[in-house]
Amino acid sequence: MEKRLNVILGRQFGETLGTADDAQIYAALAALVREELESRPKIEGKKKLYYVSAEFLMGKLLSNNLIALGLFDEAKTVLARYGVALSRIEEQEREPSLGNGGLGRLAACFLDSIAALGLCGDGAGLCYHDGLFHQTFVGNKQCETPDPWMQGEGWLRKTDVRFPVVLGEKTVEATMRDVDIPGANGGKNTLHLFDLDTVDEGIIRDGIAFDKTDIEHNLTLFLYPDDSDEDGRLLRVYQQYFMVSCTAQLILKELAERGYAPERLHEHVVVQINDTHPTMLIPELIRLLTQEHGMSMDAAIAEVERTCAYTNHTILAEALEKWPMRFLERAAAPIVPIIRELDRRIRAKIKDESVQIIDAHDVVHMAHIDIHYGFSVNGVAALHTKILKESELAAFDRLYPGKFNNKTNGITLRRWLEHCNQPLTAYLETVIGAGFRRDARELEKLLAFRQDEGVLKALLAIKRENKAALSSFLERRQGVRIDPDSVFDVQVKRLHEYKRQQMNALWAIHTILEIRAGRVPARPVTMIFGAKAAPAYEAAKDIIHLILCLSELVRRDAQVNKHLNIVMIENYDVTSAEAVIPACDISEQISLASKEASGTGNMKFMANGAVTLGTLDGANVEIHELVGEENIAVFGRHSDEVIALYESGGYKPAEYAARPEIKPLLDFITGDELTAVGDRESLARLHDNLTKKDYFMALLDLQDYIRVKRALLERYEDRMGWAKMMLVNIAKSGYFSSDRTIAQYNEEIWRL
Ligand code: 26Q
């Protein structure tokens, strides 16, 4: 490798490993990896999976690819000979942030596992020129700027594949760019990202504003910052139709190239629809089969029905996609007659109005298309699937017994343990051997060392080392210092009221008041937050503002900051996740029970030896079952109680807000100290929201949260007891490997 790198450096820059700078070394390494990828064979199969998703939150790819190609250790050693750390070279890469959060990152983990298991499966999505916005903090508020990730050396390969797509009044020509996805055990698959050459970054003005109606120039400019952005919803439909039209054409083109007739589609193709964003693929495939391949409507529908499977990622009613027919008429006109036909067929068979595709207001319910015309519907954690079947989608479950199934999410441990936590990985290898790298369930071998003081001490020492590494990461990135000997209490995820960062902030206020009253924690606590709020989601931005104001207040208060520090990571992304997760002691997973479909951060923290503080929501329920009562801290109302409270309307936040334990915390939000560093209007709005609406019931669980968090912090002082909890969490995390999840998708849905 040394020779090859020197050859590339000489050819491209006239340098050598001894003289090149970091950017040149990065470029040379990337070129070498690309050469290796090119020579790898594609994974083939008689049946091919297409994982279609509006988001793929890939993270940096250099190390990921080096690991998959088995070149990581060699690269590290070669560079070390020249005094160069591979981790420093990685910093040269810009992260492709083509996702909002969990759903996009899940798609990336899945591509990694599909290739690792040697399954023939490609991803298909959109090539957003700017990823999710870049976040900075100005005046204790979130500011958004563009994230032009495509500049410089990258992993996208141009292809000469072109597809015509109807875009409003015009037909445009789509292009396709590919990213290689190497399998950890050989071979490669591909992520196909569709784009439009006329898109123009020049139309972006101040921050991230642009003309939302200029579709030819803005179509793939931006990733949508989740569902709370009301603006430009029509553009979102244009994006979706463009994505699925390209994907449908690709599927049929490749089917023909592989020598199969369109009449046999379902024998050779399976499509996984990642949430409802790619739902229009169903009518688009039917359209192409009937209009361009001469199939009858009956035959086309029958074929597509046996080809498409749908994954649901949310039970929040406001996040279920519904599009007014007039939107589709403008942005997806070719499939409107097909959607009407699909609706007609359901109406003819089923009277129940609640399951229709087009409702009485001429609004199209996207999920209903998937459920009627897909052969599988899955939820992403056991509790989530149960709630779908028993309440949210119960009428559909009765119509189609057996169609609903659960596939508990997973994460690729190649990125979320082996790469991000090399000290722990290397140590685990010395204790239980390297088998866990291939089969994550082998992590359970660690359980035999539960009483081994040497192992327990080593786990604590590695955690301390990772905490020091995070401290220097944060110092480099944003100039803040944190104390590696304090407890690292971490909540990083998208900002949403249901995830209840506001409840954690109320704990901070509680702790400030406790410290001032002389009741100080046994050891200093560093609260670490990281979150982006959708630009149009005011309540979420108010919560970020509160956290940043608290952070400033604590920084300035010498009495308090001896015991408490509050840090918010700027621009929380995959790269910073890889730094913060290995360093975490307490993993905050505190969503209102029933609202978090699964969560995947919770799994990453667990694998890296953090202890979960959480509600019995999403996959926390399964973590709780796996590690047992004594290795997790749970609190709060259960999902059935919460669902009943919503049904009865029985939750009255004002009653909680008036309690003597809670009122001073709320008053603090609008008190003199915070309004001195913050925006009075934003703080007052948040106060009002919490006391009058509190739609996600933060006050309901607050006291239980404070009680359980206090007890957990006390347990931290029993260092050996804590290390045992860490050990059990690591040992049991193998279940959450996405290799397991993908094996189940394959056995029960795809059958590749
Ligand atoms: C919808 C309409 C218009 C514009 C945007 C959207 C939109 C965009 C993104 C709706 C939802 C999303 C993202 C959802 C998401 O990330 N869900 C998370 O999925 C994870 C993987 O299954 C789960 O672990 C999380 O619990 C779930 O919140």
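Look up: the structure comes first, before these words.
Residues numbered from 1 in each chain as written. Predicted model: local features only at pLDDT ≥ 70, side-chain atom pairs only at ≥ 80, totals over all residues. Heavy atoms only, no water.

> Kindly report on the overall build of the protein chain, identifying the contributing residues and their values.
From N to C terminus, the protein chain includes 32 helices and 21 strands. Relative to a compact globule of 752 residues, whose C-alpha radius of gyration would be 27 Å, the protein chain shows 26 Å and is just as compact. Summarising its shape, the C-alpha atoms of the protein chain cover approximately 80 × 70 × 55 Å along the three principal directions. Looking at the protein chain as a whole, 64% of its 752 residues are labelled buried. By sequence separation, contacts in the protein chain at least 24 residues apart represent 75% of the contacts at least 6 residues apart. Within the structure as shown, the protein chain displays about 27,200 Å² of accessible surface, and the carbon and sulfur contribution to it stands at 50%. Across the protein chain, the mean location of the 90 positive side-chain charges is 2 Å away from that of the 111 negative side-chain charges. (Helix = DSSP H or I, 4+ residues; strand = E, 2+ residues; numbered from the N terminus. Rg over C-alpha atoms; globule rule 2.2 N^0.38 Å. Buried < 20%, exposed > 50% of the residue type's maximum accessible area, 1.4 Å probe, protein only. Contact = heavy atoms within 4.5 Å. Areas by Shrake-Rupley, 256 points an atom, 1.4 Å probe, with all protein chains shown as cover. Lys, Arg positive; Asp, Glu negative; His and termini not counted. Charge placed at Lys NZ, Arg CZ, Asp CG, Glu CD.)

> Describe the packing of aromatic side chains, and please don't skip the residues or the numbers.
All told, the structure shown has 12 aromatic pairs when counted by the stated rule. Seen in terms of ring centroids, Y651 and Y656 are 5.6 Å apart; in terms of plane orientation they differ by 45 degrees. Their pairing is tilted. The exposure class of Y651 is buried, given its relative accessible area of 11%. Classification of Y656 as buried rests on a relative accessible area of 13%. Each ring, one from Y735 and one from F736, has its centre 5.2 Å from the other, and the planes form 80 degrees; the classification is edge-to-face. (Phe/Tyr/Trp six-rings, centres within 6.5 Å; stacked < 30°, edge-to-face > 60°.)

> I'd love a proper account of the site of the ligand, names of residues and values included.
Close contacts around the ligand come from 19 residues, with L103, H313, N409, E596 and G599 the closest. Here an oxygen atom of the ligand and a backbone polar atom of L103 are 3.0 Å apart. Within the backbone of S598, one N or O atom sits 3.0 Å away from an oxygen atom of the ligand. Look at the ligand: alone it shows 610 Å² of surface, and the protein chains cover 89% of it. It is helix α6 (residues 102–116) that provides the largest number of residues to the shell around the ligand, a total of 3 residues. Classifying every residue of the shell around the ligand gives 5 nonpolar, 8 polar and 6 charged. (Near = heavy atom within 4 Å. Polar contact = N/O pair within 3.5 Å; in protein donor to acceptor, adjacent residues only side chain to side chain. Nonpolar A, V, L, I, M, F, W, Y, C, P; charged D, E, K, R; others polar.)

> Lay out the pairing of strand β6 (residues 141–145) in plain terms, naming residues and giving numbers.
With burial as the criterion, only one face of β6 is covered, namely that bearing Q142 and E144; the residues K141, C143 and T145 on the opposite face remain uncovered. Of the pairings in the sheet, the one linking strand β5 (residues 134–138) to β6 comprises 5 bridges and is antiparallel in character. What sits directly across from V138, in β6, is K141. The loop that links β5 with its antiparallel partner β6 comprises 2 residues; one of these, G139, has a positive phi angle of about 60 degrees. (Pairing = 2+ DSSP bridges.)

> How would you explain the side chain of D178 if you had to name every residue and give the values?
You can see D178 is positioned in strand β8 (residues 170–182). Although D178 lies buried, it forms no salt bridge, and the closest oppositely charged side chain, R157, sits 4.4 Å away as judged by the N-O distance. Within the structure, D178 has its side chain in polar contact with the side chain of H192 (distance 2.8 Å). Not counting the four nearest positions on each side in its chain, D178 is found in contact with W155, L156, R157, T159, T190, L191 and H192. (Salt bridge = Lys/Arg side-chain N within 4 Å of Asp/Glu carboxyl O.)

> Run through helix α8 (residues 233–257), naming residues and quoting values.
Counting along an α-helix, one turn takes 3.6 residues, and residues three or four places apart therefore face a common direction. The end-to-end C-alpha separation of α8 is 36 Å, in line with the 36 Å expected for 25 residues at 1.5 Å each. With 21 of 25 residues buried, α8 lies mostly within the body of the structure. Immediately beyond the C-terminal end of α8, within one or two residues, lies G259, with a positive phi of roughly 90 degrees. (Expected span 1.5 Å × (residues − 1).)

> Hey, could you go over the state of the cysteines for me, with residue numbers and the actual values?
Taken as a whole and assessed by the stated rule, the structure comprises 0 disulfides. Unpaired in this structure, C584 has its nearest cysteine sulfur neighbour in C420, at a distance of 12 Å. (Disulfide = S-S within 2.5 Å.)

> Provide a residue-level description of the pattern of salt bridges, including the pertinent values.
Counted according to the given criterion, the structure contains 56 salt bridges. E144 is the partner of K541 in a salt bridge, and the nearest nitrogen-oxygen pair spans 2.7 Å. With a gap of 397 residues between them, K541 in helix α21 (residues 538–556) and E144 in strand β6 connect regions that are remote in the sequence. Relative accessible area serves as the criterion here: at 23%, K541 is assigned to the partly exposed category. E284 is paired through a salt bridge with R287; the nearest N and O atoms lie 2.9 Å apart. Of the two residues, E284 and R287 are both situated in helix α10 (residues 281–291); the distance of 3 residues between them amounts to about one turn of the helix. The residues E284 and R287 share a single accessibility class, namely buried. Counted as one network, the salt bridges with shared partners bring together K42, K48, D122 and E254.

> I'd like a rundown of the sheet that holds strand β4 (residues 121–126), residues and numbers included.
Read across the sheet, 9 strands follow the order β7-β8-β9-β4-β1-β10-β11-β14-β15 without closing on themselves; strand pairing throughout is mixed. Of all strands in the sheet, those with a lone pairing partner are β7 (157–167) and β15 (404–406), marking the two edges. In this sheet, neighbouring strand axes are inclined to one another by 25 degrees on average, regardless of whether the strands run parallel or antiparallel. In terms of strand pairing, β8 meets strand β9 (residues 188–196) through 9 bridges, oriented antiparallel. By the bridge assignment, I181 is partnered in β9 with N189. (Axes fitted to C-alpha atoms, helices over the stretch in contact; angles between N-to-C directions.)

> Give a detailed account of the sheet that holds strand β17 (residues 525–530), specifying residues and quantitative values.
Across the sheet, 6 strands lie side by side as β18-β17-β16-β19-β20-β21; this open sheet has parallel pairing. Two strands bound the open sheet, and with one partner strand each, they are β18 (564–569) and β21 (633–634). Pairing between β17 and β18: 6 bridges, direction parallel. Bridging from a neighbouring strand, F529 pairs with M568 of β18. Of the strands in this sheet, β16 (487–492), β17 and β18 are in contact with helix α19 (residues 453–478), which crosses β18 at around 60 degrees. Against the sheet, helix α20 (residues 501–516) contacts β16, β17, β18 and β19 (586–589), and its axis sits at roughly 155 degrees relative to β17.

> Which residues make up empty space enclosed by the protein, and what values go with them?
Enumeration according to the criterion identifies 8 cavities of 30 Å³ or more in this entry. Considering only enclosed or pocket space, the largest cavity measures out at about 100 Å³ in volume. Residue lining of the largest cavity: 13 residues in total, with M58, L61, N64, A108 and D112 positioned closest to the centre. Those elements that provide at least two residues to the lining of the largest cavity are α3 (62–68), α6 and β8. Element by element, the count of residues in the lining of the largest cavity is highest for α6, at 4 residues. For the lining of the largest cavity, a count of residues per class yields 6 nonpolar, 3 polar and 4 charged. In this structure, the second largest cavity occupies an estimated 80 Å³ of space. (1 Å grid on protein atoms, 1.4 Å probe; cavity = no way out; pocket = protein on both sides within 12 Å on 5 of 7 lines; lining within 4 Å. Points joined across faces, edges and corners; volume = space filled by probe spheres on them.)

> Describe in detail the layout of surface pockets, supporting the description with residues and values.
Its boundaries defined by the atoms lining it, the second largest pocket holds a volume of some 1,200 Å³. Lining the second largest pocket are 42 residues, and of these E90, E91, F473, T575 and A579 sit closest to its centre. Among the elements of the structure, α4 (72–81), α5 (86–90), α17 (413–419), α18 (422–432), α19 and α22 (574–580) are those that each provide at least two residues to the lining of the second largest pocket. If you tally residues by element for the lining of the second largest pocket, the top one is α19, at 9 residues. Looking at the lining of the second largest pocket residue by residue, the class counts come to 14 nonpolar, 11 polar and 17 charged.

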